[in-house]
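Structural overview for review
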Amino acid sequence: QSQQGQTSCTQCSPGKYRSETDDSIGCVSCPVATYNNQTGSTDCAQCPPNFKNTETAATACERCLPGERSLEGNLECVACAAGKRSEAGNNTCVPCAVGTFSDYGATACSQCQRGFFCDSAGLKDPKPCNEGSFQPNLGATEVGSCVACSGGRVSERGAAVCSNCTAGRHSRENMCVDCAAGK
């Protein structure tokens, strides 16, 4: 009862609770990271994993955005680190598989692009093939997938194809150099 002589107790509204041990306190707002969606409650529940709440007197928790996660009772959601992705409905960030990579806060991992390889799980950046070699496929998983340029062709680091030198030039140590006069 909130007043002496009252015949019934005032029930607390959603977002608030009444102490079971001290009725004189009255209704108290649920603290941050908790919520209560019932009338007449005696406690508040922690926000579940993958949900957050930064307000007092909350009646619900807010779901984390894709690419974020939170643990039970957290105030805020945290983005997944580079090289990881979030799984829907899961409060963990999972490393990207071999052959893929991701940036900070990713919901999915990207295939390793042409000219590069991704030889380990959890990569932030793909690794480029060395100059003088190329890699024409998506999702390469090892340095051995980089193929040496041949037949006088050249390439820069991270190349998807090798190129011919222009007329009047030839390849030497993966560089195009001018041909000697008269040749």
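Shown above is the structure to which this text applies.
All of the points below concern the structure found in this document.

Considering the overall build of the protein chain
- Within the protein chain one finds zero helices and 18 strands.
- What you see for the protein chain is a C-alpha radius of gyration of 31 Å, clearly larger than the 16 Å of a compact globule of 183 residues, by over 25%.
- Referenced to the eigenvectors of the C-alpha coordinate spread, the extents of the protein chain come out at roughly 115 × 25 × 15 Å.
- Counting the 183 residues in the protein chain, one finds 30% classified as buried.

Things to note about the state of the cysteines
- Evaluation of the coordinates by the stated rule reveals ten disulfides.
- Each sulfur in the disulfide pair C47 and C61 lies 2.0 Å from the other. Note on the C47 and C61 pair: the S-S dihedral is about -75 degrees, so by sign convention the disulfide is left-handed. Here C61 lies in the loop between β5 (51-52) and β6 (62-63) and C47 lies in the loop between β4 (45-46) and β5, a separation of 14 residues in the sequence. For the pair C47 and C61, one class covers both residues: buried.
- No disulfide involves C179; its sulfur sits 8.4 Å from that of C165, the nearest cysteine.
- Take C179: its relative accessible area is 27%, and that puts it in the partly exposed class.

A closer look at the pairing of strand β17 (residues 169-172)
- Bridging between β17 and strand β18 (residues 175-178) involves four bridges; their strand directions are antiparallel. Note that in β18 the partner of R169 across the bridge is D178.

Let's talk about the pattern of salt bridges
- A full pass over the atoms with the stated rule returns three salt bridges.
- Salt-bridge contacts for D119 lead to K127; the nearest nitrogen and oxygen are separated by 2.7 Å.
- The closest approach of N and O atoms between D125 and K124, which form a salt bridge, is 3.9 Å.
- Given the relative accessible area of 47%, D125 is considered partly exposed.

Some points on the environment of T34
- Structurally, T34 can be placed in strand β3 (residues 34-35).
- Between the C-alpha atom of T34 and that of A45, which follows or precedes it by eleven residues, the distance is 5.2 Å.
- With sequence-adjacent residues up to four places away left out, T34 is seen in contact with C44, A45, Q46, C47, N53 and A58.
- At 2.5 Å, the side chain of T34 forms a polar contact with the backbone oxygen of P31.

Some points on the side chain of S41
- Relative to the helices and strands, S41 resides in the loop between β3 and β4.
- Judged by relative accessible area, S41 falls into the buried class, the value being 13%.
- Within polar-contact distance, the side chain of S41 engages the side chain of N36 at 3.2 Å.
- Contact partners of S41, with chain neighbours within four places excluded, come to K16, Y17, R18 and N36.

Cut-off values and rules
- Residues numbered from 1 in each chain as written.
- Predicted model: local features only at pLDDT ≥ 70, side-chain atom pairs only at ≥ 80, totals over all residues.
- Heavy atoms only, no water.
- Helix = DSSP H or I, 4+ residues; strand = E, 2+ residues; numbered from the N terminus.
- Rg over C-alpha atoms; globule rule 2.2 N^0.38 Å.
- Buried < 20%, exposed > 50% of the residue type's maximum accessible area, 1.4 Å probe, protein only.
- Disulfide = S-S within 2.5 Å.
- Pairing = 2+ DSSP bridges.
- Salt bridge = Lys/Arg side-chain N within 4 Å of Asp/Glu carboxyl O.
- Contact = heavy atoms within 4.5 Å.
- Polar contact = N/O pair within 3.5 Å; in protein donor to acceptor, adjacent residues only side chain to side chain.

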